[in-house]
Amino acid sequence: MKQVPFFNYKYFYESEGSGILSVIENVMRRGAYIMQQEMFDFEKRIADYLNVKHVLSVANGTDALEMSLQVLGIKSGDEVIFPSHTFVATASAIHVNGATPIPVECGADHMMDPKAVEKAITKRTKAIMPVQLNGRTCDMDALTGIAEKYGLFIVEDAAQGLGSKFKNRFAGTFGSLGTFSLYPAKLLGCLGDGGIVVTNDDELAEKVYALRDHGRMSSGKVAGWGRNSRLDTLQAAVLNYLFDHYDATIARRREIAQRYHEQLSGCKDLILPPKPDTGDHFDVYQNYEIESSHRDLLKQYLVDQGVGTLKQWGGETVHQIQGLGLDHYNLPFTERMIARSLLLPMNISLKNDDVDYVCEQVLAFYALIDEGVLIADALQ
Ligand SMILES: *Cc1c(COP(=O)(O)O)cnc(C)c1O
């Protein structure tokens, strides 16, 4: 039986291993570990790519979020609105700054719902955090319109959106600040943790610059309290190597999405992500998140056929997590969506054969449902 794992770390070693090892050797030979040339080169390349003025590399995507809110002065007594359909780190970044995370619903495309955002605004609201989820960018016209109307900051969590665009503008570049994650399974992943903050604002950039390096300015002088959240030069060197073929990476992900769409769009029960180039969106498919009213049965069937899938966030959106103090929120649209949500394999190790095999198995599952061979408790 064919095996299509959800993520193929072995393929990564086989395809990139020797190239990456020579990059690492070069860094080691020079003993260039902290804030060396490769780190600044990487920041410059991302700035050119995104067409943004400042790029600050940091230790991980969560730190990027925390520091972005911190340099805007978000503090105790403030409220920050975020979509509950996100990784817990979006909300924890609000919490660690002493502010109150306010979860809201997503819309049919699984992205933050602008109408829900507007309803959640109070006198305490200071910022909105759109999450550029699954490699798609939110409707940023609607969200920036709301932010301007109420005088709120926007901090974009674009951890899953490097290269994604809305109306030809890159995710991460709409707000006061935008952040990215370089976690291994992300679109551009290193060999551990890494993150990026981007901004067009000189003052905010200077603050993040110092904050990530013990409060030190470029002169080396400490200008205020800081922390240690630097991207290792070793990781930056690996990222520069991988970024050389980033356009091809994105193109391949979009091809895979197109292939899923062609084969699965006839299945009435499934809700698929928008196909590539729908409306104003340029999607880069960090994930391929489908909805099925027989999600758990489908997941088990695919396991039996050798296909790995994943429930995003382990099957719970942020407000549903016990222990965070947000479980009194009632977000029926998001709760229904996450109970039906499943991530199909989406990464560049997939061959066309693999994608076709996944589709065949999904369609075979639905044939068994239709014939009444598999009896499902449909989630409606
Ligand atoms: C991965 C991720 C983060 C956190 O990034 P790390 O680099 O793992 O700290 C934050 N938000 C979203 C939406 C993510 O997917």
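Please read all numbers here as calculations on a predicted model, not as lab measurements. (Residues numbered from 1 in each chain as written. Predicted model: local features only at pLDDT ≥ 70, side-chain atom pairs only at ≥ 80, totals over all residues. Heavy atoms only, no water.)

**Some thoughts on the overall build of the chain**
Here is step 1: Check the secondary structure of the chain and you find twelve helices and twelve strands.
Here is step 2: A globule of 380 residues ought to have a C-alpha radius of gyration of about 21 Å, and the chain, at 21 Å, matches this closely.
Here is step 3: If you sum the accessible surface of the chain, you get close to 16,500 Å²; carbon and sulfur atoms cover 51% of it.
Here is step 4: Taken as two groups, the 37 positive and 49 negative side-chain charges of the chain have centres that lie 4 Å from each other. (Helix = DSSP H or I, 4+ residues; strand = E, 2+ residues; numbered from the N terminus. Rg over C-alpha atoms; globule rule 2.2 N^0.38 Å. Areas by Shrake-Rupley, 256 points an atom, 1.4 Å probe, with all protein chains shown as cover. Lys, Arg positive; Asp, Glu negative; His and termini not counted. Charge placed at Lys NZ, Arg CZ, Asp CG, Glu CD.)

**Focus: the pairing of strand S5 (residues 153-157)**
Here is step 1: Extensive coverage of S5 is indicated by the burial of four of its five residues.
Here is step 2: As a crossover connection, the stretch from strand S4 (residues 125-128) through helix H6 (residues 140-150) into S5 is right-handed.
Here is step 3: Note: S5 against strand S8 (residues 177-181), three bridges, orientation parallel. Across the sheet, Glu156 pairs through a bridge with Gly178, a residue of S8. (Buried < 20%, exposed > 50% of the residue type's maximum accessible area, 1.4 Å probe, protein only. Right-handed = clockwise from strand over helix to strand, strands pointing away. Pairing = 2+ DSSP bridges.)

**So, H6**
Owing to its 3.6 residues per turn, the α-helix brings residues three or four apart onto one side.
Here is step 1: Among the residues making up H6, those that are buried are Met140, Leu143, Thr144, Ile146 and Ala147. For H6, the buried positions fall inside an angular range of 155° around the axis, keeping them on one side. In H6, the exposed positions angled more than 90 degrees off the buried face are occupied by Glu148 and Lys149.
Here is step 2: Turning to H6, the residues buried within the fold contact helix H5 (114-120), S4, S5 and strand S6 (165-166). (Arc of directions from axis to C-beta. Contact = heavy atoms within 4.5 Å.)

**Some details on unusual backbone geometry**
Negative phi characterises most residues that are not glycine, and trans characterises most peptide bonds.
Here is step 1: Residue Lys167 is not a glycine yet carries a positive backbone phi of 50°.
Here is step 2: Relative to the helices and strands, Lys167 is located in the loop between S6 and strand S7 (169-170).
Here is step 3: In this structure, Tyr285 is a non-glycine residue whose phi angle is positive, near 55°.
Here is step 4: Positionally, Tyr285 belongs in the loop between strand S10 (281-282) and strand S11 (288-291).

**A short note on the packing of helix H10 (residues 295-304) against helix H12 (residues 352-370)**
For any two helices packed against each other, the geometry is given by the interaxial angle and the distance between the axes.
Here is step 1: Closest axis-to-axis distance for the H10/H12 pair is 10 Å, and the angle between their directions is 125°. On the basis of their axis angle, the class for H10 and H12 is oblique. Between H10 and H12 the crossing geometry is right-handed. Of H12, the residues touching H10 (which contributes Leu297, Leu298, Tyr301 and Leu302) are Gln361, Val362, Ala364, Phe365, Leu368 and Ile369.
Here is step 2: Residues belonging to the contact of H10 with H12 are distributed by class as follows: nine nonpolar, one polar and no charged. (Axes fitted to C-alpha atoms, helices over the stretch in contact; angles between N-to-C directions. Parallel < 35°, antiparallel > 145°, perpendicular 65-115°, else oblique. Left-handed = near helix turned anticlockwise from the far one by under 90°. Nonpolar A, V, L, I, M, F, W, Y, C, P; charged D, E, K, R; others polar.)

**Considerations on the sheet that holds strand S2 (residues 79-83)**
Here is step 1: Pairing is mixed in the open sheet, where seven strands are placed in the order S1-S9-S8-S5-S4-S2-S3. Each of the sheet's edge strands pairs with one partner strand only, and the pair in question is strand S1 (54-58) and strand S3 (100-104). Shown here is a sheet whose adjacent strand axes are inclined to one another by a mean of 25°, direction ignored.
Here is step 2: Relative to strand S9 (residues 195-199), S1 runs antiparallel, the two being bridged by five bridges. Within the sheet, the bridge partner assigned to Val55 lies in S9 and is Val198.

**Brief notes about the side chain of Asp354**
Here is step 1: Locating Asp354 in the fold gives a position in helix H12.
Here is step 2: Under the relative-accessibility criterion, Asp354 is labelled buried at 13%.
Here is step 3: In this structure the side chain of Asp354 is engaged in a polar contact, spanning 2.9 Å, whose partner is the backbone nitrogen of Lys351.
Here is step 4: Once residues within four sequence positions are removed from consideration, Asp354 is found in contact with Lys2, Val4 and Ser349. (Polar contact = N/O pair within 3.5 Å; in protein donor to acceptor, adjacent residues only side chain to side chain.)

**Comments concerning the packing of aromatic side chains**
Here is step 1: Applying the stated criterion to the full structure yields eleven aromatic pairs.
Here is step 2: Considering the side-chain rings of Tyr285 and Tyr288, the 6.3 Å spacing of their centres and the 35° angle between planes classify their relative orientation as tilted.
Here is step 3: Classification of Tyr285 as buried rests on a relative accessible area of 2%.
Here is step 4: A centroid spacing of 5.2 Å and a plane angle of 85° characterise the contact between Phe365 and Tyr366, whose relative ring orientation is edge-to-face. The same class applies to Phe365 as to Tyr366, namely buried.
Here is step 5: The rings of Tyr49, Phe170, Phe243 and Tyr246 are connected pair by pair, giving a single aromatic cluster. (Phe/Tyr/Trp six-rings, centres within 6.5 Å; stacked < 30°, edge-to-face > 60°.)

**Describing the site of the ligand**
Here is step 1: Residues in close proximity to the ligand total 14 residues, the closest being Gly61, Thr62, Asp157, Ser181 and Lys186.
Here is step 2: The contact in question runs from an oxygen atom of the ligand to an N or O atom on the backbone of Gly61, over 2.8 Å.
Here is step 3: Starting from 380 Å² of accessible surface for the ligand in isolation, the protein chains cover 93%.
Here is step 4: For the shell around the ligand, the secondary structure elements donating two or more residues are helix H3 (61-71) and helix H4 (88-96).
Here is step 5: Its residues assigned to classes, the shell around the ligand comprises four nonpolar, eight polar and two charged. (Near = heavy atom within 4 Å.)

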